[in-house]
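# Secondary and tertiary structure notes
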Amino acid sequence: MNDNKTIEKMMEVGLNKYEAKAYISLLKKPDITAYELGKISGVPQAKIYEAMAKLLEKNLVNVISDNPVKYIALDFESFLDTYKKNVSKTVKYLKANLKEVNSSNNISYILHLEGMDNINNKIKSVLSNAKKFIYLEAWNEDYEFLKEDLKILKNRGIELVTVLYGDTNEEIGEIYYHEMEDMQKNVIQHGRWLTLVADGKESLFVMFNKDKPQAIWTENEAFMLMAESFIVHDIYLAEIYREYRKELDEKFGPNLKKIREKMRIGHI
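Residues numbered from 1 in each chain as written. Predicted model: local features only at pLDDT ≥ 70, side-chain atom pairs only at ≥ 80, totals over all residues. Heavy atoms only, no water.

### Comments concerning the packing of helix α3 (residues 34-41) against helix α4 (residues 45-57)
- Contact geometry of α3 with α4 gives a least axis separation of 9 Å together with a crossing angle of 115°. Between α3 and α4 the crossing geometry is right-handed. For the pair formed by α3 and α4, the contact residues are Ala-34, Tyr-35, Leu-37, Gly-38, Lys-39 and Ser-41 on the first element and Gln-45, Ile-48, Tyr-49 and Met-52 on the second.
- Here the residues of the contact of α3 with α4 are counted per class, giving six nonpolar, three polar and one charged. (Axes fitted to C-alpha atoms, helices over the stretch in contact; angles between N-to-C directions. Helix = DSSP H or I, 4+ residues; strand = E, 2+ residues; numbered from the N terminus. Left-handed = near helix turned anticlockwise from the far one by under 90°. Contact = heavy atoms within 4.5 Å. Nonpolar A, V, L, I, M, F, W, Y, C, P; charged D, E, K, R; others polar.)

Encoded structure:
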């Protein structure tokens with residue numbers, strides 16, 4: 001056992017350094033006095049009695065004789081179970097009460113995110129918070145990455161609507177396929193993009209590029225409307241293309257190329 005690492009971890013669950021040192025030393029050599037424990041643990045004599053008193057309060061040691069007072073270490077797992085329950089109650093309380101306090105604050109803001117881990121964690125957080133519906137626009141690579149999360153949402157009865165760039169061998173919820181003609185070179189130049197709206201309450205827009213993946217998250221209603229409109233607009237196009245592909249290609253070129261070139265919109 002790496003004592004230093006263990007002491008660090010014990011400090012993360014509520015013990016101080018002297019308490020952790022005393023406890024570990026007592027595990028190795030039970031049935032000794034605080035004075036003896038101070039000598040072998042490296043805890044200063046001026047601090048060892050205070051440390052033992054704290055360990056008694058935390059039910060991590062027990063006194064087994066009175067004259068002289070000797071100690072043994074108790075099961076640390078029971079302490080961890082209690083600590084976990086208390087933390088869980090505290091987290092639950094803070095979430096409920098701080099959310100109530102925040103509900104009176106109508107100021108919305110935009111959170112800027114960088115880095116794949118931060119962005120992926122935020123995407124999964126937005127998905128897990130959904131109660132009614134998810135609107136998603138994503139490339140097939142990111143859709144595959146999110147499949148398990150989407151399956152969980154579907155099993156919870158969440159409505160899933162996705163505009164997909166590319167193909168998938170497993171459709172989860174309702175899928176609309178975006179036209180792909182002449183799109184890959186734009187991905188190479190600009191990176192992939194992803195738009196996500198959950199319940200009309202929070203939205204996330206991501207640019208996945210290899211140099212610096214970036215995203216913005218917000219609860220701002222104006223941004224939410226823009227993101228939803230963007231996705232719904234592409235659903236309209238997907239349905240129109242499904243019915244009138246031949247006529248559209250003849251008039252405007254594959255994937256409305258003539259319009260896109262005219263408007264100089266190279267990345268959508």
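### Let's talk about the pattern of salt bridges
- Applying the stated rule across the entire model yields 13 salt bridges.
- Glu-114 is the salt-bridge partner of Lys-212, the closest N and O atoms lying 3.3 Å from each other. One end of the pair, Lys-212, is in the loop between β9 (202-208) and β10 (214-218); the other, Glu-114, is in strand β4 (residues 110-114), and 98 residues separate them in sequence.
- Residue classification places Glu-114 among the partly exposed positions, given a relative accessible area of 34%.
- Here Glu-239 ties to Arg-242 by a salt bridge, and the two come within 3.1 Å at their closest N and O atoms. Of this pair, Glu-239 and Arg-242 both sit in helix α10 (residues 221-252), separated by three residues, roughly a single helical turn.
- Of the residues examined, Glu-239 reaches a relative accessible area of 31% and is grouped as partly exposed.
- Judged by relative accessible area, Arg-242 falls into the exposed class, the value being 58%. (Salt bridge = Lys/Arg side-chain N within 4 Å of Asp/Glu carboxyl O. Buried < 20%, exposed > 50% of the residue type's maximum accessible area, 1.4 Å probe, protein only.)

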